[in-house]
Amino acid sequence: MALIRCDFHSEALGMGTSMTVLLPDPAGSGIGLAGRAPAGDPPVLYLLHGLSDDDTVWTRRTAIERYVAPLGLAVVMPQAGRSFYTDGEHGNRYWTFLSAELPELCRSFFRLSERREDTFVAGLSMGGYGAVKWALRAPGRFAAAASLSGALDFAQRRDHPTSPVDPAVWHPIFGDRHVPGSDDDTIALLERAGDDLPALYVACGTEDFLFDDNTRFVETARRRGVPLTVDFSPGAHDWAYWDAKIRDVLAWLPLRPPSGA
């Protein structure tokens, strides 16, 4: 794999920012790592970080490069601060950056497939929320979306936080904005979702403080007849859990076989 730290200017944010990118490497002679590069433009996974992290965290705390090398899969990991992937009331436009600007920039910088069936999104915690929100608001972009320990009942999470998150984090993002029922409320988005959704995967540890959020999201999906893969198993809100579950997500992704296979 090629590992790229990309520093660039964002028009949506009005400032410089960064992303970490993994690209399939056609070189197959590395010892101990079986890689694969597809014949055409590679499929891409947008992989989102959590509240206390940045765009480097997946490469530092998991072996994501080793996990994706045999898949021929590109991975784009953007920097999003503590934004909850939302256009802030008193901050930067991170939803616009993520959903509109970032894919266009990535296609201009790198060779990546533009096909829906080759495009995926996943994330952990705040990033799980961002991944599901993106998939529900732009379902035609993705073939699959996965949340690991996501803040999936976000309206309730914002108004009744039960985590060590500083309550002051919410004001720059939302100000006095009413979140329940809005396009930032993942439960509400699921309630009014159409039929042409990407495949959805929800994983959360049963000891995680966000477990109730995830069960409410799953119950809503099942009541509405929205198909999804659910993985509720022992685990906490930590990297031991996420390192294991990202491998399950990668095995679950509906990757097309390589050309000629």
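Refer to the structure above for everything that follows.
The structure presented is a predicted model; accordingly, all values stated were derived computationally and were not measured.

A. Looking closely at the overall build of the protein. A count of helices and strands for the protein gives nine helices and eight strands. Its C-alpha atoms give the protein a radius of gyration of 18 Å, within 12% of the compact-globule value 18 Å for 261 residues. With the C-alpha coordinates of the protein rotated into their principal frame, the extents come out at 55 × 40 × 35 Å. Per-residue burial over the protein gives 55% buried out of 261 residues. Put simply, 74% of the contacts in the protein that link residues at least 6 apart link residues at least 24 apart.

B. Region of interest: the packing of helix H3 (residues 94-109) against helix H4 (residues 126-137). At their nearest, the axes of H3 and H4 sit 11 Å apart, and the two run at 65° to each other. Along this stretch, H3 crosses H4, giving a crossing that reads as right-handed. Two secondary-structure elements touch here, H3 through Trp95, Leu98, Ser99 and Pro103 and H4 through Lys133, Trp134 and Arg137. Of the residues belonging to the contact of H3 with H4, the class tally is four nonpolar, one polar and two charged.

C. Inspection of the nonpolar core at higher detail. The biggest cluster of nonpolar side chains holds 57 residues, and the ones touching the most others in it are Met19, Tyr46, Val76, Phe84, Val121 and Phe217. Aside from chain neighbours lying at most four places away, what touches Val121 is Leu45, Tyr46, Leu48, Ala131, Trp134, Ala135, Phe142, Ala144, Ala145 and Ala146. Core analysis: the next-biggest nonpolar cluster, separate from the first, contains 29 residues, Ile64, Met77, Trp239 and Tyr241 among them.

D. Region of interest: the pattern of salt bridges. Under the definition given, this model contains 22 salt bridges. Of the charged contacts in the structure, one is a salt bridge between Arg107 and Glu104, with a shortest N-O distance of 2.5 Å. You can see Arg107 and its partner Glu104 sitting in helix H3, three residues apart, about one turn around the helix. When its relative accessible area of 23% is taken as the criterion, Arg107 is described as partly exposed. In this structure, the salt-bridge partner of Glu114 is Arg107, at a minimum N-O distance of 3.9 Å. Judged by its relative accessible area of 62%, Glu114 falls in the exposed class. If you follow the salt bridges from partner to partner, you end up with Glu89, Lys133, Arg137, Arg177 and Asp184 in one network.

E. Just unusual backbone geometry, in detail. Even without being glycine, Ser125 reaches a positive phi, approximately 55°. Here Ser125 shows up in the loop between strand S5 (119-124) and H4. Overall, Ser125 belongs to the buried group, its relative accessible area being 12%. One non-glycine residue, Ser149, lies in the positive phi region at around 55°.

F. Region of the structure containing the environment of Ile64. Mapped onto the fold, Ile64 is located in helix H2 (residues 64-68). Judged by its relative accessible area of 0%, Ile64 is buried. Put simply, Ile64 and Tyr94 are 30 residues apart on the chain and 24 Å apart in space, counted from C-alpha to C-alpha.

G. Here's a closer look at the packing of aromatic side chains. Applying the stated criterion to the full structure yields 11 aromatic pairs. When the ring of Tyr201 is compared with that of Trp252, the centres are 5.1 Å apart and the planes differ by 55°; the resulting orientation is tilted. In this pair, Tyr201 is assigned in strand S7 (residues 199-205) and Trp252 in helix H9 (residues 239-252), connecting sequence segments 51 residues apart. Given the relative accessible area of 6%, Tyr201 is considered buried. Feature note: the residues Phe8, Tyr94, Phe97, Phe109 and Phe110 constitute an aromatic cluster, connected by ring pairs.

H. Highlighting the pairing of strand S8 (residues 229-233). Alignment of S7 against S8, held across five bridges, turns out to be parallel. Along S8, the bridge assignment pairs Tyr201 with Thr229. In this fold, S7 hands off to helix H8 (residues 211-224), which returns the chain to S8; that crossover is right-handed.

I. Summary view of the pairing of S5. Burial analysis of S5 places six of its six residues in the buried class, which makes it a mostly covered element. The two faces of S5 match: Thr119, Val121 and Gly123 on one face and Phe120, Ala122 and Leu124 on the other face are all buried. Here five bridges tie strand S3 (residues 44-48) to S5, and the two strands are oriented parallel to one another. Across the sheet, residue Leu48 finds its bridge partner in S5, namely Gly123. The parallel pair S5 and strand S6 (residues 144-148) is bridged by H4, and the resulting crossover is right-handed.

Reading the values: the criteria
- Residues numbered from 1 in each chain as written.
- Predicted model: local features only at pLDDT ≥ 70, side-chain atom pairs only at ≥ 80, totals over all residues.
- Heavy atoms only, no water.
- Helix = DSSP H or I, 4+ residues; strand = E, 2+ residues; numbered from the N terminus.
- Rg over C-alpha atoms; globule rule 2.2 N^0.38 Å.
- Buried < 20%, exposed > 50% of the residue type's maximum accessible area, 1.4 Å probe, protein only.
- Contact = heavy atoms within 4.5 Å.
- Axes fitted to C-alpha atoms, helices over the stretch in contact; angles between N-to-C directions.
- Left-handed = near helix turned anticlockwise from the far one by under 90°.
- Nonpolar A, V, L, I, M, F, W, Y, C, P; charged D, E, K, R; others polar.
- Core = buried A, V, L, I, M, F, W, Y, C linked by side-chain atoms within 4.5 Å.
- Salt bridge = Lys/Arg side-chain N within 4 Å of Asp/Glu carboxyl O.
- Phe/Tyr/Trp six-rings, centres within 6.5 Å; stacked < 30°, edge-to-face > 60°.
- Pairing = 2+ DSSP bridges.
- Right-handed = clockwise from strand over helix to strand, strands pointing away.

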